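Each chain is listed here by its residues.
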Amino acid sequence: PAGQQVYLAASGTLTVAAASDMPIAQNRAMGEVGQTLATFKLTTGPQEAINITKIIVTDTLAGTATAATGSVINLKLFKADGTQVGTTVASMTSSAVGQNALATFDGLALSLAKDKAEVLTLKGDINAYPNAVSGSTHAFKVQGNGDVTAIGATSGIGIAMTGAAISGNVQRAYRAE
């Protein structure tokens with residue numbers, strides 16, 4: 001009799017997409033805390049669970065270096081159950097590309113089960129006047145494969161993220177609404 005067929009997968013998969021509850025474009029008043037800035041949906045394939053150790057979020061439309069690094073502070077990532085992932089990023093750093101700024105969530109211990117989706121919510125505080133730049137625009141983005149460091153839980157192989165760059169809608173900081 002014929003034996004059971006066995007299939008081997010080299011490693012798992014990870015896809016990033018915009019979550020269905022991505023916040024709309026809106027104005028944010030300086031001094032507002034705990035604002036939802038963007039939501040990202042991470043989906044694993046059926047091959048294996050995925051361990052994520054680093055996520056870089058880019059603020060792509062900051063306008064000036066001061067606006068980029070000073071207008072939005074205390075950035076945090078949360079799972080759907082409200083659990084914070086990693087530590088708070090007190091302030092963003094300037095990027096070598098244009099006037100972008102980076103929030104690097106490093107040293108994460110985020111485990112995603114195989115064949116599941118997890119929504120991560122990015123929250124932050126709009127800095128108070130005069131530290132924030134009135135009229136500055138901010139769109140938070142997971143730009144591409146290098147922005148998420150992921151390893152297969154079983155294979156130990158680095159996982160390349162797939163999916164187009166995901167950008168949240170523009171959040172504009174104003175001195176008052």
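The structure we're discussing is the one just above.
Treat the numbers as computed from the prediction; the structure is a model and nothing was measured. (Residues numbered from 1 in each chain as written. Predicted model: local features only at pLDDT ≥ 70, side-chain atom pairs only at ≥ 80, totals over all residues. Heavy atoms only, no water.)

J.: Honestly, the environment of T83 in this entry has me stumped. Any pointers?
T.: As for its position among the elements, T83 is in the loop between β5 (72–78) and β6 (84–91). Placed 19 residues apart in sequence, T83 and L102 show a C-alpha to C-alpha distance of 22 Å. Sequence-distant contacts of T83, that is, excluding residues within four places in its chain, are made with L77 and F78. A polar contact is formed between the side chain of T83 and the side chain of D81, at a distance of 2.7 Å. (Helix = DSSP H or I, 4+ residues; strand = E, 2+ residues; numbered from the N terminus. Contact = heavy atoms within 4.5 Å. Polar contact = N/O pair within 3.5 Å; in protein donor to acceptor, adjacent residues only side chain to side chain.)

J.: Sorry if this is basic, but what is going on with the packing of aromatic side chains here?
T.: Within a pair of aromatic rings, the relevant descriptors are the distance that separates the centres and the angle that separates the planes. One pass over the full model with this rule turns up 0 aromatic pairs. It is K123 that lies over the ring of F78; its NZ or CZ is 5.4 Å from the centre. Sitting above the plane of the Y129 ring, R175 keeps its charged end 3.5 Å from the centroid. (Phe/Tyr/Trp six-rings, centres within 6.5 Å; stacked < 30°, edge-to-face > 60°. Lys NZ or Arg CZ within 6 Å of the ring centre and 35° of its normal.)

J.: Mind showing me how you'd approach the sheet that holds strand β9 (residues 117–126) here?
T.: Sheet strands line up and pair through hydrogen bonds in the backbone, either parallel or antiparallel. What the 6 strands build is an open sheet, ordered β6-β5-β9-β3-β1-β14; its pairing is mixed. Both edges of this open sheet fall to β6 and β14 (161–162), since each of them pairs with a single strand only. In this sheet, strand β3 (residues 35–44) lies alongside strand β1 (residues 14–18) in antiparallel orientation, the contact comprising 5 bridges. In the strand pairing of β3, T15 is matched with T43. (Pairing = 2+ DSSP bridges.)

Keep in mind these values describe shape, not function.
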